[in-house]
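# Summary of structural features
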Amino acid sequence: PLCASVTMPFVPGSAQGTLAFAGAGRFQGPENLPLHSDQPVHLSVDAGRVIEVQGNHAAAIALADWFARAEHDDVYVIMDCNVGFDPRADLAWADNTVVHSFAGGVMIGIGNPYEYRPGGSRRSGYHLDLMFPGVDVDLDDMPFVRAGAFVPEAGID
């Protein structure tokens with residue numbers, strides 16, 4: 001657990017589809033900066049990697065620029081996700097705790113920050129966490145979250 005969340009890694013290469021990010025995120029490296037988007041930024045994902053960022057507003061441009069500046073291509077790896085449980089979290093803060101633990105939200109971690117770098121550094125480098133509020137989540141084909149609220153069957157109070 002991290003903060004008030006549960007973290008789950010993706011099986012390498014398994015993530016597939018389109019992420020429509022509208023919420024709060026955090027560039028975790030090389031600089032720690034918040035990111036907000038009211039308009040969806042579409043990230044196309046294939047074989048566990050981001051292959052395209054679509055959008056022409058500020059958040060989409062910031063994301064596309066962040067990917068383009070990376071010095072290694074493992075920045076595109078869909079790494080992990082969190083389901084948040086903290087009802088006190090406020091998306092406006094977009095700090096590390098909020099992007100991991102916003103109640104009923106799902107955080108998608110992008111970038112593989114802990115892999116060996118050819119230069120010998122194990123510094124976190126490029127990593128990005130995007131919190132998706134108001135989503136639907138199924139676990140093992142069972143409803144768990146609907147529109148950002150835990151379903152009664154989830155057993156979460």
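Preceding block: the structure.
These lines cover the structure that appears in this document, whether it is placed above or below. It should be emphasised that the depicted structure is a prediction, and the values quoted were computed from it without experimental measurement.

Counting its regular elements, the protein chain contains 2 helices and 10 strands. Within the protein chain, residue pairs in contact and separated by at least 24 positions form 60% of the contacts whose partners lie at least 6 positions apart. Of the roughly 8,400 Å² of accessible surface on the protein chain, 54% is carried by carbon and sulfur atoms.

Applying the stated criterion across every chain yields a total of 7 aromatic pairs. Arranged with centres 5.0 Å apart and planes meeting at 75 degrees, the rings of W66 and F67 form a pair that is edge-to-face. Among the residues examined, W66 registers a relative accessible area of 2% and is labelled buried. Ring centres 5.2 Å apart and planes at 10 degrees place the aromatic pair F67 and Y76 in the stacked group. Assessed through its relative accessible area of 26%, Y76 is described here as partly exposed.

Let us now look at the nonpolar core. Formed by 29 residues in total, the largest nonpolar core has its most connected members in L43 and I110. Of all the elements in the fold, those that place two or more residues in this core are β2 (17–29), β3 (33–46), α1 (58–69), β5 (78–84), β6 (106–110), β7 (127–132) and β9 (142–146). In terms of residues, this core owes the most to one element, α1, which gives 5 residues. Setting aside anything within four residues of it in sequence, one finds I110 in contact with L43, V50, W66, F67, V75, Y76, V77, I78, M79, H127, L128 and L130.

This part covers the pattern of salt bridges. Counted by the stated rule, this structure contains 3 salt bridges. Here D73 makes a salt bridge to R49, at a shortest N to O gap of 3.4 Å. Remark: R49 occurs in strand β4 (residues 49–54) and D73 occurs in the loop between α1 and β5; sequence separation between them is 24 residues. Overall, the relative accessible area of 53% leaves D73 in the exposed class. Here R88 and D86 are joined by a salt bridge, their closest N and O atoms 2.9 Å apart. Since its relative accessible area comes to 8%, D86 is described here as buried.

Moving on: unusual backbone geometry. In the segment running from G29 into P30, the intervening peptide bond is cis, with an omega of 5 degrees. With respect to the secondary-structure elements, P30 resides in the loop between β2 and β3. Phi is positive for A94, which is not a glycine, with a value near 50 degrees. Here A94 shows up in the loop between β5 and α2 (96–101). Non-glycine residue D141 carries a positive phi angle of around 65 degrees.

Next up on the list: the layout of surface pockets. Size it by volume and the largest pocket reaches roughly 350 Å³. Lining the largest pocket are 19 residues, with F10, L19, C81, V106 and I108 positioned closest to its centre. Mapped by element, the contributors of at least two residues to the lining of the largest pocket are β2, β5, β6 and β8 (137–139). A breakdown of the residues in the lining of the largest pocket according to their chemical character gives 14 nonpolar, 3 polar and 2 charged.

What follows covers the sheet that holds β2. If you trace the 7 strands from one edge of the open sheet to the other, you get β1-β5-β6-β7-β2-β3-β4, paired in antiparallel fashion. The open sheet is flanked by β1 (5–9) and β4, the only strands paired with a single partner. Averaged over all neighbouring strand pairs, the angle between strand axes comes to 35 degrees, with direction disregarded. Strand direction decides the pairing type here: β5 and β6, joined by 5 bridges, are antiparallel. When the sheet's bridge partners are listed, I78 is paired in β6 with I110.

Scoring rules and cut-offs
Residues numbered from 1 in each chain as written. Predicted model: local features only at pLDDT ≥ 70, side-chain atom pairs only at ≥ 80, totals over all residues. Heavy atoms only, no water. Helix = DSSP H or I, 4+ residues; strand = E, 2+ residues; numbered from the N terminus. Contact = heavy atoms within 4.5 Å. Areas by Shrake-Rupley, 256 points an atom, 1.4 Å probe, with all protein chains shown as cover. Phe/Tyr/Trp six-rings, centres within 6.5 Å; stacked < 30°, edge-to-face > 60°. Buried < 20%, exposed > 50% of the residue type's maximum accessible area, 1.4 Å probe, protein only. Core = buried A, V, L, I, M, F, W, Y, C linked by side-chain atoms within 4.5 Å. Salt bridge = Lys/Arg side-chain N within 4 Å of Asp/Glu carboxyl O. 1 Å grid on protein atoms, 1.4 Å probe; cavity = no way out; pocket = protein on both sides within 12 Å on 5 of 7 lines; lining within 4 Å. Points joined across faces, edges and corners; volume = space filled by probe spheres on them. Nonpolar A, V, L, I, M, F, W, Y, C, P; charged D, E, K, R; others polar. Pairing = 2+ DSSP bridges. Axes fitted to C-alpha atoms, helices over the stretch in contact; angles between N-to-C directions.

Don't take any of this as a statement about function, it's just geometry.
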